[in-house]
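Overview (structure and organization)
Spelled out from the first residue to the last, the chains are:
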Amino acid sequence: MVFGRAEAASGWLFTAPVLIILGVFLVIPVIMALWVSFSDWGGRGSPFSSGVHFVGLKNYSTILNGGGLAESDFGTALKNNVWYVIFVVPLQTALSLVLALLVNRALLRGRGFFRTAYYFPSVTSSVAITVLWLFLFSTTGTVNQVLAWAGIKGPNWFNEPSGLIQDGLSAVGVQNGPAFLTQNSFLGVSFWDWLGGPSVAMFAFIVMAIFTTSGTFMLLFVAALQNLSPDIDEAAMMDGANAWKRFWRVTLPQLRPTLFTVLTLGLIGCWQVFDQIYTGTQGNPAKTTLTPAYLSYQSAFQNQAWGQGAAIAFILFVIIVAFTLLQRWILRDKKVSKRRQRAYSRETAARAKGTAR
């Protein structure tokens, strides 16, 4: 009993420095920010001083159903970020998995070089890459020059606020949406604008995110692939499964934990995008690159609406947790139905009988 208490005390002693650091620099600031989101703190003095008053859900109400600029800005930022997530998360996950499959092949020469080359953008400063992207996607930049060689006139990327889907519809003669989409709105943004897709400027940031993050997730998939036993894949090959079926039915299910990790990290990173927007466009043009993370900073540090800025941050936190739980539920281990078990048993028995003959 004494030995157990001494062992527990030693454990707490060794973890105390980390717990203190997390408490001082994480837990306490989060508690303070939560209080600020429910208060009228103006940014001066302590948020716990007697001059700061509790205002309840006023800051949240102003953002979510205030009917003013704060609501429309939050709706615009949320719409931009939703499209950013829709494009970035699936594409960067698929690309990182493809790259991992390529560099994990034993027949590929120079695998170390390709792994380093694909991973290099991930360790480069996001600010530096954003500045580089501003040059590449400028009106006379490399991207537009390449498009010009193909006979395509490139847009003024970071100054073009039109949505990609609306641009596509305009190309086929659809200029305005139906009344039920243009006359109804959510968070101060019409349904027509919600369905307009990311702006041309935001699309440039989407391409940059995929370029810079795929290398990191590639390494996670490579590590997972190298830990897979080849016996199962060989057994599937002996059963006559082709390469696609072996990947879809054998390899990918074994990568489910890594896939969940990649999707979770990608989802969190996409909802927290800030430094690229701050360095590149600061929400312009016409607020089509505005994101909730940048809007939180803008509300607090530029407009001195500290309560609204903190409220946006906690709404963003709830959104991230909700999406994480949703994808965890989607990627959960599902029980095989009895019908599929019976079908598999019949198929296995028939295959065994054919082999015996």
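Right above here is the structure, for reference.
This structure is a prediction, so every number in the text was calculated from the model and none was measured.

Looking now at the environment of Gln 304. Among the structural elements, Gln 304 can be located in the loop between helix 15 (292–302) and helix 16 (306–330). The class of Gln 304 is partly exposed, set by a relative accessible area of 41%. With 125 residues separating them in the primary sequence, Gln 304 and Ala 179 have C-alpha atoms 38 Å apart. Residue contacts for Gln 304: discarding those within four places in its chain leaves Gly 42 and Ser 299. At a separation of 3.0 Å, a polar atom in the side chain of Gln 304 contacts the side chain of Trp 306.

Turning our attention to the packing of aromatic side chains. In total, this model carries 24 aromatic pairs according to the counting rule given. For the pair Trp 271 and Phe 323, a centre-to-centre distance of 5.8 Å together with 40 degrees between the ring planes defines the contact as tilted. Of this pair, Trp 271 sits in helix 13 (residues 256–271) while Phe 323 is found in helix 16, placing the two residues 52 residues apart along the sequence. Classification of Trp 271 by relative accessible area gives buried; the value is 2%. Classification of Phe 323 as partly exposed rests on a relative accessible area of 36%.

What follows deals with the packing of helix 11 (residues 230–238) against helix 12 (residues 243–254). Relative orientation of the contacting elements helix 11 and helix 12 amounts to 165 degrees, with a least axis distance of 10 Å. The angle between helix 11 and helix 12 places the two elements in the roughly antiparallel class. Once helix 11 is placed against helix 12, the crossing between them reads as right-handed. Counted together, Ile 232, Asp 233, Ala 236 and Met 237 of helix 11 and Arg 246, Val 250, Thr 251 and Gln 254 of helix 12 form the full contact between these two elements. Along the lines of polarity and charge, the residues of the contact of helix 11 with helix 12 split into 4 nonpolar, 2 polar and 2 charged.

With 57 residues, the main nonpolar core has Phe 74, Tyr 84 and Trp 271 as its most contacted residues. The set of elements that each furnish at least two residues to this core consists of helix 2 (58–65), helix 3 (69–103), helix 5 (126–136), helix 10 (200–226), helix 12, helix 13, helix 15 and helix 16. With 14 residues, helix 10 is the single largest residue contributor to this core. Discounting residues that sit within four places of it in the chain, Phe 74 has contacts with Ile 63, Leu 64, Leu 187, Leu 295, Ile 312 and Ile 315.

Let us now look at unusual backbone geometry. The omega angle of the peptide bond from Asn 284 to Pro 285 is 0 degrees, so this bond is cis rather than trans. Topologically, Pro 285 is positioned in the loop between helix 14 (275–280) and helix 15. Located in the positive-phi region is Gln 282, a residue other than glycine, with phi close to 55 degrees. Topologically, Gln 282 is positioned in the loop between helix 14 and helix 15. In this structure, Gln 304 takes a positive phi of about 60 degrees despite not being glycine.

Okay, the side chain of Lys 79 next. Its place among the elements puts Lys 79 in helix 3. For the buried residue Lys 79, which engages in no salt bridge, the nearest side chain bearing the opposite charge is Asp 193, 6.2 Å off. Every residue in contact with Lys 79, bar those within four places of it in the chain, is listed here: Asp 193 and Trp 194.

Here the focus is the pattern of salt bridges. According to the stated counting rule, one finds 1 salt bridge in the structure shown. As a salt-bridge pair, Lys 287 and Asp 73 come within 2.7 Å of each other at their nearest N and O atoms. Taken together, the residues Lys 287 in the loop between helix 14 and helix 15 and Asp 73 in helix 3 connect sequence positions 214 residues apart. Given the relative accessible area of 11%, Asp 73 is considered buried.

Positionally, Gln 302 belongs in helix 15. The exposure class of Gln 302 is partly exposed, given its relative accessible area of 41%. If we skip the residues at most four places from it in the chain, Gln 302 touches Tyr 294 and Tyr 297.

What follows concerns a nonpolar patch on the surface. Among the surface-exposed residues, Val 18, Leu 22, Leu 26, Val 27, Val 30 and Ile 31 lie close enough to one another that they form a single nonpolar patch of about 500 Å² accessible area. Counting through the fold element by element, Val 30 comes out in helix 1 (residues 2–37). In this structure Val 30 comes out as partly exposed when scored by relative accessible area, which is 41%.

The rules we used
- Residues numbered from 1 in each chain as written.
- Predicted model: local features only at pLDDT ≥ 70, side-chain atom pairs only at ≥ 80, totals over all residues.
- Heavy atoms only, no water.
- Helix = DSSP H or I, 4+ residues; strand = E, 2+ residues; numbered from the N terminus.
- Buried < 20%, exposed > 50% of the residue type's maximum accessible area, 1.4 Å probe, protein only.
- Contact = heavy atoms within 4.5 Å.
- Polar contact = N/O pair within 3.5 Å; in protein donor to acceptor, adjacent residues only side chain to side chain.
- Phe/Tyr/Trp six-rings, centres within 6.5 Å; stacked < 30°, edge-to-face > 60°.
- Axes fitted to C-alpha atoms, helices over the stretch in contact; angles between N-to-C directions.
- Parallel < 35°, antiparallel > 145°, perpendicular 65-115°, else oblique.
- Left-handed = near helix turned anticlockwise from the far one by under 90°.
- Nonpolar A, V, L, I, M, F, W, Y, C, P; charged D, E, K, R; others polar.
- Core = buried A, V, L, I, M, F, W, Y, C linked by side-chain atoms within 4.5 Å.
- Lys, Arg positive; Asp, Glu negative; His and termini not counted.
- Salt bridge = Lys/Arg side-chain N within 4 Å of Asp/Glu carboxyl O.
- Patch = residues over 30% accessible without salt bridge, like charges linked within 9 Å, V, L, I, M, F, W, Y side chains within 5 Å.
- Areas by Shrake-Rupley, 256 points an atom, 1.4 Å probe, with all protein chains shown as cover.

Keep in mind these numbers describe shape, not what the thing actually does.
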